[in-house]
Amino acid sequence: MSFKTIIEPFRIKSVEPIHMSTVEQRLAYIQEAHFNPFLLRARQVIIDLLTDSGTSAMSSEQWAGILRGDESYAGAQSWERLEYEIKDLTNYPYILPTHQGRAAERILYGYLGGKGKVFISNTHFDTTRANIEFSGAEAIDIPCREAADHDSDFPFKGNMDVAKLDELIEKRGAVNIGAIILTVTNNTGGGQPVSMANTREVSRVCKKHGVLFIIDCCRVAENAYFIRHREPEFADTSYRNIAQQMFALADGCVMSAKKDALVNIGGFLALKNEELATACTNLLIITEGFTTYGGLSGRDMEAIAIGLREVFEDDYLNYRIKSTAYLGERIRAKGVPVLYPIGGHAVYVDAGLLYPHIPAHEFPGQALVCELYTRGGIRAVEIGTVMFGKYDEAGHTVAAPMELVRLAIPRRVYTQSHIDYVIEVFDEIMKHRNETRGLRIVKEPKFLRHFTAHFERL
Ligand SMILES: *Cc1c(COP(=O)(O)O)cnc(C)c1O
């Protein structure tokens with residue numbers, strides 16, 4: 001017998017209060033935060049869907065690991081455990097622990113980058129792009145064609161356009177390529193999965209040209225779920241083994257443990273090539289720490305080692321992907337335009353379609369993010385022109401390709417009733433759809449402006 005209701009495959013051992021608030025209070029809070037939810041205090045938020053990064057609830061096993069953590073400076077047992085787990089998963093011989101994903105990115109892409117270098121990805125995540133561009137190099141996104149069609153139910157919209165990849169490497173010259181980066185799942189492209197078939201193709205093209213192939217594996221377990229259920233060849237393969245087969249196709253990986261390692265901080269870089277690993281290790285020691293802890297404490301490493309096992313469990317992944325889809329399917333049924341099919345860690349609302357009366361330079365995504373907060377106390381993030389927009393030489397806004405809002409679901413944190421509440425708030429969003437106005441930026445920094453920019457309502 002099988003039931004329709006998705007139940008969390010865990011019981012709650014420790015609880016954290018949520019502070020309730022009224023619409024009036026939230027209007028004042030968002031004004032104080034300059035209409036940028038990144039500047040809100042967490043206690044002003046009821047349901048926090050800002051990110052799935054570092055927001056996971058750890059298991060009792062992980063908390064036990066926290067106590068076991070070996071804090072020796074060099075060669076700690078916790079490092080041995082972490083190194084063993086990562087090697088077992090990736091089969092890469094060189095493991096560099098870092099305090100989070102972007103530290104691994106800064107080390108690797110800082111070393112490989114610089115003026116004249118080109119990086120190519122299905123879609124670069126924001127910190128990936130920032131690290132590449134900061135080095136002076138160029139970051140080019142080549143998602144597959146199906147990615148742009150929001151209603152197509154193509155099963156692997158996270159794929160890279162392999163024909164374009166081949167062409168681009170040819171055109172730019174293999175010696176100028178920093179790396180090819182496959183982001184699984186494709187976070188910025190809607191949390192959409194990448195197929196094994198596509199990974200094989202990318203691998204083949206990289207080998208043909210002799211260029212480095214790196215997997216941004218933040219959500220490799222969630223991606224494995226989609227491969228098993230959508231690529232018939234893998235119907236009987238374990239999630240962990242699917243991930244292992246994927247790693248076997250690349251030359252290394254960059255990981256933010258704050259995602260699929262089910263911890264609150266951490267990351268790593270894992271590489272096949274000794275020479276590259278040695279160069280990166282030199283940088284690791286300068287900015288992160290000694291080779292057997294990098295930017296991490298022993299207890300962090302212990303929790304990551306355990307999380308990397310737990311995340312591939314059948315019951316966990318089944319609940320994880322189905323509860324994300326539940327939210328997406330329900331709001332879609334209300335007429336909310338969402339990226340479809342629903343991805344792994346988040347539901348992406350197309351605010352450009354939701355608010356066709358708000359032009360890109362008035363930030364429809366930011367408008368939705370402010371609406372979700374004031375009406376329901378829900379915090380989400382804009383992934384559109386605020387995050388990726390640029391200015392041309394005349395100072396006009398160059399819009400991002402899509403105006404998205406991401407509702408990211410923290411792992412093992414919210415229950416079905418929390419998600420039902422979010423679904424209900426969308427009734428209000430839809431009711432006030434036509435009267436919702438855009439915003440303008442009054443203050444912004446040079447890099448990653450979405451984190452700290454100030455806005456005014458128009
Ligand atoms: C989160 C993330 C990163 C950066 O990791 P941090 O731990 O936040 O520094 C890189 N790539 C992708 C795809 C991510 O989701």
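It should be emphasised that the depicted structure is a prediction, and the values quoted were computed from it without experimental measurement. (Residues numbered from 1 in each chain as written. Predicted model: local features only at pLDDT ≥ 70, side-chain atom pairs only at ≥ 80, totals over all residues. Heavy atoms only, no water.)

1. Some remarks on the site of the ligand
Neighbouring the ligand are 15 residues; Arg102, Asp216, Arg219, Ser256 and Lys259 lie closest to it. Contact distances for the ligand include 2.7 Å between a nitrogen atom and a side-chain N or O atom of aspartate 216. Take serine 256: an N or O atom from its side chain is 2.6 Å from an oxygen atom of the ligand. Relative to its unbound accessible area of 380 Å², the ligand is 98% covered by the protein chains. Where the shell around the ligand is concerned, the elements lending two or more residues are helix H4 (101-112) and helix H5 (126-134). At three residues, the largest contribution of residues to the shell around the ligand is made by H4. For the shell around the ligand, the residue count by class is two nonpolar, seven polar and six charged. (Near = heavy atom within 4 Å. Polar contact = N/O pair within 3.5 Å; in protein donor to acceptor, adjacent residues only side chain to side chain. Areas by Shrake-Rupley, 256 points an atom, 1.4 Å probe, with all protein chains shown as cover. Helix = DSSP H or I, 4+ residues; strand = E, 2+ residues; numbered from the N terminus. Nonpolar A, V, L, I, M, F, W, Y, C, P; charged D, E, K, R; others polar.)

2. Considerations on the domain arrangement of the protein chain
When the domains of the protein chain are assigned, the result is domain 1 (23-52 + 313-457) and domain 2 (60-310). Residue-level contacts link 34 residues of domain 1 with 34 residues of domain 2. Summed over both sides, the interface of domain 1 with domain 2 buries roughly 2,800 Å², with 56% coming from carbon and sulfur. The largest per-residue losses of area from domain 1 upon contact with domain 2 belong to Leu317, Pro341 and Arg411, which jointly make up 19% of the total buried on that side. Here glutamate 133 ties to lysine 390 by a salt bridge, and the two come within 3.8 Å at their closest N and O atoms. Where domain 1 meets domain 2, there are 15 residue pairs in polar contact (both at pLDDT 80 or more). If you list the elements that add at least two residues to the side of domain 1 that touches domain 2, you get helix H12 (314-333), strand S9 (346-350), helix H15 (385-388) and strand S14 (404-408). The element best represented in the side of domain 1 that touches domain 2 is H12, accounting for eight residues. (Domains from an automatic or database assignment. Contact = heavy atoms within 4.5 Å. Buried area = accessible area lost by both parts, 1.4 Å probe. Salt bridge = Lys/Arg side-chain N within 4 Å of Asp/Glu carboxyl O.)

3. Focus on the packing of aromatic side chains
Describing an aromatic ring pair means giving the distance of the ring centres and the angle of the ring planes. This model, assessed by the stated rule, comprises ten aromatic pairs. Their ring planes at 25 degrees and their centres at 5.8 Å tell us that tyrosine 225 and tyrosine 239 sit as a pair that is stacked. Of this pair, tyrosine 225 sits in helix H8 (residues 220-230) while tyrosine 239 is found in helix H9 (residues 239-247), placing the two residues 14 residues apart along the sequence. A relative accessible area of 8% means that tyrosine 225 is categorised as buried. Owing to a relative accessible area of 3%, tyrosine 239 belongs among the buried residues under this scheme. Following the ring pairs from residue to residue traces out a cluster consisting of Phe10, Tyr316 and Tyr319. Stacked on the ring of phenylalanine 125, the Lys or Arg lysine 259 has its end atom at 5.4 Å from the ring centre. Lying over the aromatic face of tyrosine 340, arginine 332 brings its terminal NZ or CZ to 3.4 Å of the ring centre. (Phe/Tyr/Trp six-rings, centres within 6.5 Å; stacked < 30°, edge-to-face > 60°. Buried < 20%, exposed > 50% of the residue type's maximum accessible area, 1.4 Å probe, protein only. Lys NZ or Arg CZ within 6 Å of the ring centre and 35° of its normal.)

4. Some thoughts on the sheet that holds S14
What the three strands build is an open sheet, ordered S9-S14-S11; its pairing is antiparallel. The strands lining the two open edges of the sheet, one partner per strand, are S9 and strand S11 (381-383). Taken over all neighbouring pairs, the strand axes of this sheet differ in orientation by 30 degrees on average, direction set aside. Judged from the five bridges that link them, S9 and S14 form a sheet pairing that is antiparallel. Bridging across to S14, valine 347 finds its partner in leucine 407. Strands S9 and S14 of the sheet are contacted by H12, whose axis makes an angle of about 25 degrees with S9. Set on the sheet, helix H14 (residues 364-376) makes contact with S9, S11 and S14; between it and S14 the angle comes to about 40 degrees. (Pairing = 2+ DSSP bridges. Axes fitted to C-alpha atoms, helices over the stretch in contact; angles between N-to-C directions.)

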